[in-house]
Amino acid sequence: RIAPLPGSIQAVPEISFEFFPPKTEALEAQLWACIRRLEPLAPQFVSVTYGAGGSTQERTHATVLRLVRETSLIPAAHLTCVGATRGAVDDVARRYWDAGVCHIVALRGDVPGGAPYQAHPDGYAFASDLVAGLKRVADFDISVAAYPETHPQAASPAADLDNLKRKLDAGANRAITQVFFDTSHYLDFLDRALAAGITAPIIPGIMPVSNFAQAKRIGEMGGTSVPAWMAEMFDGLDDDAETRKMVAAAVAAEQVRILQANGIDEFHFYTLNRADLTYAIARILGVKGK
Ligand code: FAD
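Just so you know, these numbers come straight off a predicted model, no measurement behind them. (Residues numbered from 1 in each chain as written. Predicted model: local features only at pLDDT ≥ 70, side-chain atom pairs only at ≥ 80, totals over all residues.)

A. View of the overall build of the protein. Assigned secondary structure in the protein consists of ten helices and nine strands. Its C-alpha atoms give the protein a radius of gyration of 19 Å, within 12% of the compact-globule value 19 Å for 290 residues. If one aligns the C-alpha atoms of the protein with their principal axes, the spans along those axes are about 50 × 45 × 40 Å. Taken over 290 residues, the protein has a buried fraction of 37%. Nonlocal contacts in the protein, meaning residues at least 24 apart in sequence, comprise 80% of its contacts between residues at least 6 apart. (Helix = DSSP H or I, 4+ residues; strand = E, 2+ residues; numbered from the N terminus. Rg over C-alpha atoms; globule rule 2.2 N^0.38 Å. Buried ≥ 20, exposed ≤ 12 C-beta atoms within 10 Å, placed from the backbone. Contact = placed C-beta atoms within 7 Å.)

Okay, structure coming up:
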């Protein structure tokens, strides 16, 4: 089925963006150029990631506060509970609330270096516990993670779906998905979630990837399968960045238009702190902003 042209019969979707906190001054300049380019698209919110075990705590905080001070955007701060006491996590959350940051993306996180997960003895064990803890700190707007292809450490797809339901029942308002490249995984997941009684929004996480090695790396990290057609499309283009970018835009544009044709009206973009592809795809979706 071909999607009608945006603007013809479909409503303009809501969009949101993810950024990561920069490590150097040069990367900071790149991030802020990206933010300024995307800001006029008037996203619902923009989120800022948090390094494993709080390794980017201060940089995440600084980026989120600068968003509050210097932009019209609504920031959502990612927060993980791995390796931290409940008290330390609550303190970070309280600092955000006091600074006017009311949206948290609540995550368990992973042990750095790929070691098996172990909860901190005085910590929140899973993201569902973190959500409940955050709600005790303040009435945060909370987003959580969802996995169309099942989280790699889940006992089963059904157990992982139960976990998503627990996070929403604990007070989360919506889920944002892990990256996926095959839209049927996401659409099947929505059907399964609905059958399990989940009615909160499950926003697809869209990552425009401009090379196959990057797609593979992401796939290996987060349990995302990489379709053979993607390998084919990027095959032989290693030294041709310009064509790779055009291919990436076409792949992501097709993905969002299939989702839009299936009634999806909210999209979350993993920008990787670069505006160009995300900006183009937002335009394809009919988003013009201010
Ligand atoms: P949980 O929801 O706690 O689930 C983790 C695993 O435990 C799942 O397999 C689940 O099925 C299982 N489980 C849950 N409860 C139980 C239980 N009671 N008993 C047994 N098993 C259980 N990582 C970062 O470090 N920083 C970030 O900023 C970040 N942002 C992200 C944003 C999004 C949208 C997504 C999708 C992921 C992000 N991650 C981030 C990665 C995330 O931290 C990892 O995927 C992590 O492995 C799981 O986090 P979670 O919040 O999904 O965990």
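B. Broad picture of the sheet that holds strand E3 (residues 75-80). Taken together, the nine strands give an open sheet; going across it, the order is E7-E6-E5-E4-E3-E2-E1-E9-E8, and neighbouring strands pair in parallel fashion. Every other strand in the sheet has two partners, leaving strand E7 (202-203) and strand E8 (205-206) as the edge strands with one partner each. Two strands pair when backbone bridges link them, and strand E2 (residues 46-48) and E3 are joined in this way by three bridges, in the parallel orientation. Bridge assignment links Val-46 to a residue of E3, and that residue is Pro-75. (Pairing = 2+ DSSP bridges.)

C. Broad picture of the site of the ligand. Taken together, the neighbourhood of the ligand is formed by 24 residues, with Thr-49, His-78, Arg-108, Ala-127 and Ala-145 sitting nearest. Elements supplying a minimum of two residues to the shell around the ligand: E3, strand E4 (103-107), helix H4 (127-137) and helix H5 (157-169). No other element matches the four residues that H5 contributes to the shell around the ligand. (Near = placed C-beta within 6 Å.)

D. Representation of the packing of helix H9 (residues 241-261) against helix H10 (residues 276-284) within the structure. With their axes 10 Å apart at the nearest point, H9 and H10 run at an angle of 40° to one another. Here H9 is positioned oblique relative to H10, judged by the angle of their axes. The interaxial crossing formed by H9 with H10 has right-handed handedness. For the pair H9 and H10, contact is made by Lys-245, Ala-248, Ala-249, Ala-252, Ala-253 and Val-256 and by Leu-277, Ala-280, Ile-281 and Ile-284, respectively. Looking at side-chain class alone, the contact of H9 with H10 contains nine nonpolar, no polar and one charged residues. (Axes fitted to C-alpha atoms, helices over the stretch in contact; angles between N-to-C directions. Parallel < 35°, antiparallel > 145°, perpendicular 65-115°, else oblique. Left-handed = near helix turned anticlockwise from the far one by under 90°. Nonpolar A, V, L, I, M, F, W, Y, C, P; charged D, E, K, R; others polar.)

E. Just the nonpolar core, in detail. Residues Leu-79, Ile-104, Ala-106 and Val-131 are the most contacted members of the largest nonpolar core, which totals 70 residues. Not counting residues up to four positions away in its chain, the partners in contact with Leu-79 are Tyr-50, Val-89, Val-92, Ala-93, Ile-104, Ala-106 and Leu-107. (Core = buried A, V, L, I, M, F, W, Y, C linked by C-beta atoms within 7 Å.)

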